[in-house]
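If you want the building blocks of each chain, they are given just below.
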Amino acid sequence: MAGKPTLHYFNGRGRMECIRWLLAAAGVEFEEKFIEKPEDLDKLKNDGSLMFQQVPMVEIDGMKLVQTRAILNYIATKYNLYGKDMKERALIDMYSEGVADLGEMIMHFPLCPPAEKDAKLTLIREKTTNRYLPAFENVLKSHGQDYLVGNKLSRADIHLVELLYYVEELDPQAFGQLPSAEGELSHGPGGQTHPNLASALWILGLGC
């Protein structure tokens, strides 16, 4: 029996977090080996574990996988979270890349010089409320199903929920600026404050 996947990264979210979310949504237990000092990273580099000399790296099924998208694609395929055919995979990739575009902006926000933070937050808020989240709302409204693609949980849904957590954490007012959508996006569980976040949590069975 294959052992648990082992995740090698720093003790933080970063580029490993979406991998953690995907494994958790698939119900897969995993272990983590945190890089806590320069010597830990040097060891991985020196023993040939890091093809491009960088993390994240995941040991799974006898492989040492690097590059975040390659890792996500493998996990999603292995655990049937990547659609049933090429068309569904193309849609899942398209939605996931949209999530990644906004996610990159949010991930880099803490690194902004203090003088640029207000402008950066304004840009993130504008793109969140006027571009990205309305696009995902429209997808769900267009087909009236519970999931983004194929009426089945996929990596796109999981990445979207992760993104919504980041958005709400960074800017609690972001969801309040969006109009309440019809259909799936107007019925969140438990009377939660923000309909979009509530809906996404409900999609993944994470709502209360």
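Each remark here, short or long, concerns the structure printed above.
Because the structure is predicted, anything quoted here is derived from the model rather than measured.

A. Quick look at helix H3 (residues 68–78). Among all positions in H3, only Thr68, Ile71, Leu72, Ile75 and Ala76 are buried. One side of H3 carries all its buried residues, which in axial view fall inside an arc of 125°. Its buried side turned inward, H3 meets helix H1 (17–25), strand S3 (57–60), strand S4 (63–66) and helix H6 (155–170). Where H3 terminates, the next one or two residues include Asn80, which has phi positive at roughly 60°.

B. Examining the sheet that holds strand S2 (residues 31–34) more closely. Spatial strand order, S2-S1-S3-S4: 4 strands in an open sheet with mixed pairing. Taken across any chain shown, the strands that pair with only one partner, and hence form the sheet edges, are S2 and S4. Ignoring strand direction, the axes of neighbouring strands in this sheet form an average angle of 20°. Pairing between S3 and S4: 4 bridges, direction antiparallel. Along S4, the bridge assignment pairs Val58 with Leu65. Most of the contacts of H3 go to S4, to which it runs at about 125°, and overall it touches S3 and S4.

C. Looking closely at the side chain of Lys127. Position of Lys127 among the secondary structure elements: in helix H5 (residues 117–143). Nearest to the buried, unbridged Lys127 among oppositely charged side chains is Glu126, at 4.8 Å. Apart from the residues lying within four places of it in its own chain, the contact partners of Lys127 are Met105 and Tyr132.

D. Spatial organisation of the layout of surface pockets. By volume, the largest pocket is sized at about 660 Å³. The wall of the largest pocket is formed by 29 residues, among which Gly14, Arg15, Cys18, Glu104 and Met107 lie closest to the centre. Going through the elements one at a time, H1, H3, helix H4 (86–108) and H6 are the ones with two or more residues in the lining of the largest pocket. Tallying contributions element by element places H4 first for the lining of the largest pocket, with 8 residues.

E. Representation of the nonpolar core within the structure. Residues Ile19, Leu102, Leu148 and Leu160 are the most contacted members of the largest nonpolar core, which totals 47 residues. When residues are assigned to domains, this core turns out to be shared by domain 1 (6–79) and domain 2 (86–204), each giving three or more. If sequence neighbours within four positions are ignored, Leu148 has contacts with Tyr95, Phe136, Val139, Leu140, His143, Ala156, Asp157 and Leu160.

F. Representation of the packing of aromatic side chains. For the structure shown, the criterion picks out 3 aromatic pairs. Where Tyr95 meets Phe136, the ring centres are 6.3 Å apart and the plane angle is 80°; that geometry is what we call edge-to-face. Taken together, the residues span a long stretch of sequence, with Tyr95 in helix H4 and Phe136 in helix H5 at a distance of 41 residues. Phe136 carries the same exposure label as Tyr95, and that label is buried. We note Arg155 situated over the ring of Tyr82; from NZ or CZ to the ring centre the distance is 5.6 Å.

G. Broad picture of the environment of Leu72. When you line up the elements, Leu72 lands in helix H3. Assessed through its relative accessible area of 5%, Leu72 is described here as buried. In this structure, the C-alpha to C-alpha distance between Leu72 and Ile19, residues 53 residues apart in sequence, is 6.2 Å. The contacts of Leu72, once residues within four sequence positions are left out, are Cys18, Ile19, Leu22, Arg155 and His159.

Quick notes on the rules
Residues numbered from 1 in each chain as written. Predicted model: local features only at pLDDT ≥ 70, side-chain atom pairs only at ≥ 80, totals over all residues. Heavy atoms only, no water. Buried < 20%, exposed > 50% of the residue type's maximum accessible area, 1.4 Å probe, protein only. Helix = DSSP H or I, 4+ residues; strand = E, 2+ residues; numbered from the N terminus. Arc of directions from axis to C-beta. Contact = heavy atoms within 4.5 Å. Pairing = 2+ DSSP bridges. Axes fitted to C-alpha atoms, helices over the stretch in contact; angles between N-to-C directions. Lys, Arg positive; Asp, Glu negative; His and termini not counted. Salt bridge = Lys/Arg side-chain N within 4 Å of Asp/Glu carboxyl O. 1 Å grid on protein atoms, 1.4 Å probe; cavity = no way out; pocket = protein on both sides within 12 Å on 5 of 7 lines; lining within 4 Å. Points joined across faces, edges and corners; volume = space filled by probe spheres on them. Core = buried A, V, L, I, M, F, W, Y, C linked by side-chain atoms within 4.5 Å. Domains from an automatic or database assignment. Phe/Tyr/Trp six-rings, centres within 6.5 Å; stacked < 30°, edge-to-face > 60°. Lys NZ or Arg CZ within 6 Å of the ring centre and 35° of its normal.

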